[in-house]
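Given next are the chains, with one letter for each unit.
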Amino acid sequence: VQVGGLYNAARHSSGVSGQVAGLNNFAGQGTCTFQVAGIYNQADTVAGVQVAGIANRAKKVRGVQIGLFNSADSLNGLQVGLLNRSGRRWLPLLNW
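Each value, and the rule that gives it
All residue numbers refer to positions counted from 1 along the written sequence of the respective chain. Per-residue local features of the predicted model are confined to residues with pLDDT of at least 70, and side-chain atom pairs are confined, for both listing and counting, to 80 or more; whole-chain, interface and lining totals are unaffected and use all residues. Calculated side-chain values reflect all of the structure's heavy atoms, with hydrogen atoms and water omitted. Whether two strands pair comes down to DSSP finding at least two bridges between them. Only runs of H or I of at least four residues qualify as helices and only runs of E of at least two qualify as strands under DSSP, and these elements are numbered from the N terminus. The contact criterion used is simple: two residues touch if any of their non-hydrogen atoms lie within 4.5 Å. Under this definition, polar contacts are N or O atom pairs within 3.5 Å; protein pairs additionally need one hydrogen-donor-capable and one acceptor-capable atom, and for neighbouring residues in sequence, both atoms have to be side-chain atoms.

A. A look at the pairing of strand 9 (residues 78–86). Sheet topology places strand 7 (residues 64–66) next to strand 9; 3 bridges connect them, and they run parallel. The partner of Val 64 across the bridge, within strand 9, is Leu 78. Sheet topology places strand 8 (residues 69–75) next to strand 9; 4 bridges connect them, and they run parallel. Following the sheet pairing, Phe 69 is matched in strand 9 by Leu 83.

B. Representation of the environment of Val 49 in the model. Residue position: Val 49 is located in strand 5 (residues 40–52). Counting along the chain gives 39 residues from Val 49 to Ala 10, while the straight-line C-alpha distance between them is 17 Å. Sequence-distant contacts of Val 49, defined by excluding residues within four places in its chain, comprise Thr 33, Phe 34, Gln 35 and Val 64.

C. Up close: the side chain of Ser 71. With respect to the helices and strands, the residue Ser 71 is situated in strand 8. A polar contact of 2.9 Å, which involves the side chain of Ser 71, links it to the side chain of Arg 85. The residues contacting Ser 71, other than those within four sequence positions of it, are Asn 56, Arg 57, Ala 58, Gln 65, Gln 79 and Arg 85.

Okay, here's the thing in structure tokens:
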């Protein structure tokens, strides 16, 4: 687990189970189980949850994204936010 006052970064996230930061988190190649940030999260693969005050972004999500704006290339789970994108589908409030 990485805990940072402002920012966390893991180039290869296979050894990082989760990240908690005041501003933003970045997890590169591999799978991250959770990210919690005040502004923005970005990950290659999320198998768990991303929670951000503004936006979440991941290539592949197996779990939940919660934020104002959520984006995933591939989603097997739920997105909760003002605007949610999964692949080519854009939906307000909830996306699955």
